[in-house]
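# Coordinate analysis (summary)
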Amino acid sequence: MLLAIDCGNTNTVFAIWDGEQFLASWRTATEWQRTADQYYVWLSTLMKLQGIDAQITDMIVSSTVPRVVFNLRVLGDRYFNTRPLVVGKPDCLLPVDVRVDQGTAVGPDRLVNTVAGYDLYGGDLIMVDFGTATTFDVVDSDGAYIGGVIAPGVNLSLEALHQAAAALPHVDITKPQAVIGTNTVACMQSGVFWGYVGLVREICARIKAERDREMRVISTGGLAPLFQQSEKLFDAFEDDLTTHGLTVIHKYNKDNA
Ligand SMILES: Nc1ncnc2c1ncn2[C@@H]1O[C@H](COP(=O)(O)OP(=O)(O)OP(=O)(O)O)[C@@H](O)[C@H]1O
Ligand SMILES: CC(C)(CO)[C@@H](O)C(=O)NCCC(=O)O
Ligand SMILES: [K+]
């Protein structure tokens, strides 16, 4: 059984797969201080609750926070007797090329999204991930990652307004009733919601123009459906794109070991 871990700057997802079959996933806040023993108590409790009793034999990790990797390695070593594959490390092979400026350390989540997108949809894609940051990953016709765009995340933008301006409250994102807000919260939601609709449209249009071809736009991340419900920004939405990509990379490394 495979334990696939996707650590973002805000949240970490643990997913369990039996071959091609998805069994369960759980989400926790990302905290680099958490020890292997803490992870194990949490994880084994949830596995028991879900009735998963088979042993974990393999682990793969994608982490945008380098410091958490140490304790996840210890988790594998101490409790599952396995050495995790870590996306982005030289001993983790990728089934696609990465064509960027020399010395660039591409976020492993973006590489994993590229692999997942190519596996599910083929080439010529724009993968949009609404996480801590909103990222656009451009996938070439042969599946290569050829660069993209990093924009501030939706929640981060709202939080920045709250942090920087004394009179602006903490606000959760939602689709506003109108563009013209008649109270502070509505004004903030309008700015971020419609600003984001414009951002996604403009960036995708410019990527397509720069590539001079049609490209499919695939979205992932908890906030994607909120944007899609009002405007058709994406050709498809994938709920667990990153964990799917992790299974593809794990299999590729097994097959090419
Ligand atoms: N309707 C909604 N309104 C506000 N927040 C939402 C809504 N739906 C989902 N979310 C939030 O979206 C986030 C989705 O998680 P996702 O994995 O896409 O990004 P993240 O975990 O915040 O970022 P990262 O992967 O960078 O850590 C969660 O934090 C969830 O609380
Ligand atoms: C952009 C984020 C924060 C999105 O999670 C992550 O992919 C990252 O830390 N990237 C490193 C820089 C890059 O991808 O070019
Ligand atoms: K994510």
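For the chain, an unreviewed UniProt entry supplies the name Type III pantothenate kinase and the organism Roseobacter fucihabitans. For the record of the chain, the UniProt heading Catalytic activity (unreviewed entry) holds the text "(R)-pantothenate + ATP = (R)-4'-phosphopantothenate + ADP + H(+)". In UniProt, the chain has this text filed under Subcellular location (unreviewed entry): "Cytoplasm".

The next subject is the site of ligand 2. Lining the immediate environment of ligand 2, one finds N9, T64, A105, V106, G107, D109, R110, T135 and I150. One of the side-chain N or O atoms of D109 is found 2.6 Å from an oxygen atom in ligand 2. Interatomic distance of 2.9 Å between a side-chain N/O atom of R110 and an oxygen atom of ligand 2. Most atoms of ligand 2, that is more than half of them, are within 2 Å of grid points of the largest pocket. Split into classes, the residues belonging to the shell around ligand 2 amount to three nonpolar, four polar and two charged.

A few words on the sheet that holds strand β10 (residues 236-237). On the basis of which strands lie adjacent, the open sheet formed by five strands has the order β8-β7-β6-β9-β10 and mixed pairing. Taken across any chain shown, the strands that pair with only one partner, and hence form the sheet edges, are β8 (145-152) and β10. Bridge analysis of strand β7 (residues 133-139) against β8 gives six bridges, and the strand direction is antiparallel. Within β8, the residue paired with T135 across the bridge is I150. On the sheet, helix α3 (residues 108-121) packs against β6 (125-130), β7, β8, β9 (216-220) and β10 and is oriented at approximately 50° with respect to β7. Docked against the sheet, helix α5 (residues 184-211) engages β6, β7, β8 and β9, running at close to 20° with respect to β7.

The rules we used
Residues numbered from 1 in each chain as written. Chains lettered and ligands numbered in written order. Predicted model: local features only at pLDDT ≥ 70, side-chain atom pairs only at ≥ 80, totals over all residues. Heavy atoms only, no water. UniProt positions renumbered as here; feature names shortened; annotations may be inferred. Near = heavy atom within 4 Å. Polar contact = N/O pair within 3.5 Å; in protein donor to acceptor, adjacent residues only side chain to side chain. 1 Å grid on protein atoms, 1.4 Å probe; cavity = no way out; pocket = protein on both sides within 12 Å on 5 of 7 lines; lining within 4 Å. Sits in = over half its atoms within 2 Å of the grid points. Nonpolar A, V, L, I, M, F, W, Y, C, P; charged D, E, K, R; others polar. Pairing = 2+ DSSP bridges. Helix = DSSP H or I, 4+ residues; strand = E, 2+ residues; numbered from the N terminus. Contact = heavy atoms within 4.5 Å. Axes fitted to C-alpha atoms, helices over the stretch in contact; angles between N-to-C directions.

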